[in-house]
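Reading the structure
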Amino acid sequence: MFLVNGIKCTLRQFNREDSDNVYDDQEYKDVPIKCCPYDVDQAVRFGIYTIPGATGYYQVPRWVDVREGDQIIFKTKTREIVHTILKVQDEWIFNRIENYICAVKTR
């Protein structure tokens, strides 16, 4: 249940194919997605979702294949803002994963 209006961005997926290349960061796939900033203030009080070094949190729908090490890229008129995903945690509602919370660090 992704109830908010998301922000358009690009998810850069790394290491989805089995290849033996030396430079694994050159093979990636860009997928357009919608995500939204996640307010983690309530979760911080209870000691969950806190990742040392994380500068922000984003909520991603359940149908998006997101893993640690991927990048979320926001494009503006003047530059690109790149966030690297440090940790992915799932949120469950009614016995199924409803969305993912991604802890990110700005490059």
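Preceding block: the structure.
These remarks concern the structure in this document. (Residues numbered from 1 in each chain as written. Predicted model: local features only at pLDDT ≥ 70, side-chain atom pairs only at ≥ 80, totals over all residues. Heavy atoms only, no water.)

**Some remarks on the pattern of salt bridges**
- A full pass over the atoms with the stated rule returns 4 salt bridges.
- Taking the shortest distance from any N to any O, the salt bridge between Glu98 and Arg96 comes out at 3.1 Å.
- Through salt bridges that share partners, Arg62, Arg96 and Glu98 make up one connected network. (Salt bridge = Lys/Arg side-chain N within 4 Å of Asp/Glu carboxyl O.)

**Here's the deal with the packing of aromatic side chains**
- Using the criterion set out here, one finds 2 aromatic pairs in the structure.
- Between Phe14 and Tyr28, the ring centres sit 5.8 Å apart and the planes meet at 65°, which makes this aromatic pair edge-to-face. With Phe14 in strand β1 (residues 7-14) and Tyr28 in strand β2 (residues 28-37), this pair connects stretches of sequence that are 14 residues apart.
- Of the residues examined, Phe14 reaches a relative accessible area of 15% and is grouped as buried. (Phe/Tyr/Trp six-rings, centres within 6.5 Å; stacked < 30°, edge-to-face > 60°. Helix = DSSP H or I, 4+ residues; strand = E, 2+ residues; numbered from the N terminus. Buried < 20%, exposed > 50% of the residue type's maximum accessible area, 1.4 Å probe, protein only.)

**Concerning the sheet that holds β2**
- Ordered in space as β1-β2-β3-β6-β5-β4, the 6 strands form a closed barrel in which the pairing is antiparallel. Ignoring strand direction, the axes of neighbouring strands in this sheet form an average angle of 45°.
- Bridge analysis of strand β5 (residues 80-93) against strand β6 (residues 96-106) gives 10 bridges, and the strand direction is antiparallel. Bridging across to β6, Asp90 finds its partner in Tyr100. (Pairing = 2+ DSSP bridges. Axes fitted to C-alpha atoms, helices over the stretch in contact; angles between N-to-C directions.)

**Examining the environment of Asp65**
- As for its position among the elements, Asp65 is in the loop between β3 (56-61) and β4 (71-75).
- Measuring from C-alpha to C-alpha, the distance between Asp65 and Tyr100 comes to 9.8 Å, with 35 residues separating the pair along the chain.
- If we skip the residues at most four places from it in the chain, Asp65 touches Leu11, Gln13, Arg16 and Asp70. (Contact = heavy atoms within 4.5 Å.)

**Quick word on unusual backbone geometry**
- Even without a glycine there, the phi angle at Phe94 is positive, about 55°.
- As for its position among the elements, Phe94 is in the loop between β5 and β6.
- For Phe94, a relative accessible area of 77% corresponds to the exposed category.
- In the Ramachandran plot, Asn95 falls in the positive-phi region, its phi being about 60° despite a non-glycine side chain.
- Note that Asn95 resides in the loop between β5 and β6.

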